[in-house]
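The lines below spell out each chain.
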Amino acid sequence: QVQLVESGGGLVQAGDSLRLSCAASGRIFMFYGMGWFRQAPGKEREFVAGISWTGYDTSYADSVKGRFTISRDNARSTVFLQMNSLKPEDTGVYYCALAPGAGTLARTRAGYEYWGQGTQVTVSS
């Protein structure tokens, strides 16, 4: 089994920054893509950002392009999401996800096999 544990969420004001981390453990595959999703109250879980195993390929939702940066440290089996210029509409539970496969960079929930429990991000206006 693979375990994913997110951290770094919190309550911030609009314009502030947060850095989320997600550590993978357990039976980790040799190569895997990672992603971040978020879910606001009453809304569907949506794709935020994804990164391939090498880190060379990344993808972002239009709503976060230019403000969020996804990165990874394979030696530590950890993926990060740097979130700058936060807006109230960024509020939600943020989930990290893992997709086995070296070239995997999925933008949909179906593309990921393992999920963390989520960390709450609240941005006040």
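Preceding block: the structure.
Because the structure is a prediction, the values reported are computed rather than measured.

Visitor: Sorry, what's going on with empty space enclosed by the protein here?
Guide: A water-sized probe rolled over the atoms picks out the places where empty space is left. Under the definition given, this model contains one cavity of 30 Å³ or more. Put simply, the largest cavity is a space of about 40 Å³. Listing elements by their share of the lining of the largest cavity, those giving two or more residues are β4 (32-39), β7 (68-73) and β8 (78-83). Of the residues that constitute the lining of the largest cavity, the class distribution is three nonpolar, three polar and two charged.

Visitor: I would appreciate a short explanation of the packing of aromatic side chains in the present structure.
Guide: Under the criterion given, the structure shown has six aromatic pairs. Connected via pairs of aromatic rings, a cluster forms that spans F37, F47, Y112 and W115. Taking NZ or CZ as reference, R19 lies 4.0 Å from the ring centre of F80, over its face. The ring of W115 carries the charged tip of R109 above its face, separated from the ring centre by 6.0 Å.

Visitor: What is the right way to look at unusual backbone geometry in this model?
Guide: Trans peptide bonds make up the majority, and among non-glycine residues the majority have a negative phi. Positive phi outside glycine occurs at S77, with the angle close to 50°. Following the sequence through the fold, S77 ends up in the loop between β7 and β8. Note on S77: relative accessible area 18%, which makes it buried. Of note in this structure, S85 is not a glycine but carries a positive phi near 50°.

Conventions and cut-offs
- Residues numbered from 1 in each chain as written.
- Predicted model: local features only at pLDDT ≥ 70, side-chain atom pairs only at ≥ 80, totals over all residues.
- Heavy atoms only, no water.
- 1 Å grid on protein atoms, 1.4 Å probe; cavity = no way out; pocket = protein on both sides within 12 Å on 5 of 7 lines; lining within 4 Å.
- Points joined across faces, edges and corners; volume = space filled by probe spheres on them.
- Helix = DSSP H or I, 4+ residues; strand = E, 2+ residues; numbered from the N terminus.
- Nonpolar A, V, L, I, M, F, W, Y, C, P; charged D, E, K, R; others polar.
- Phe/Tyr/Trp six-rings, centres within 6.5 Å; stacked < 30°, edge-to-face > 60°.
- Lys NZ or Arg CZ within 6 Å of the ring centre and 35° of its normal.
- Buried < 20%, exposed > 50% of the residue type's maximum accessible area, 1.4 Å probe, protein only.

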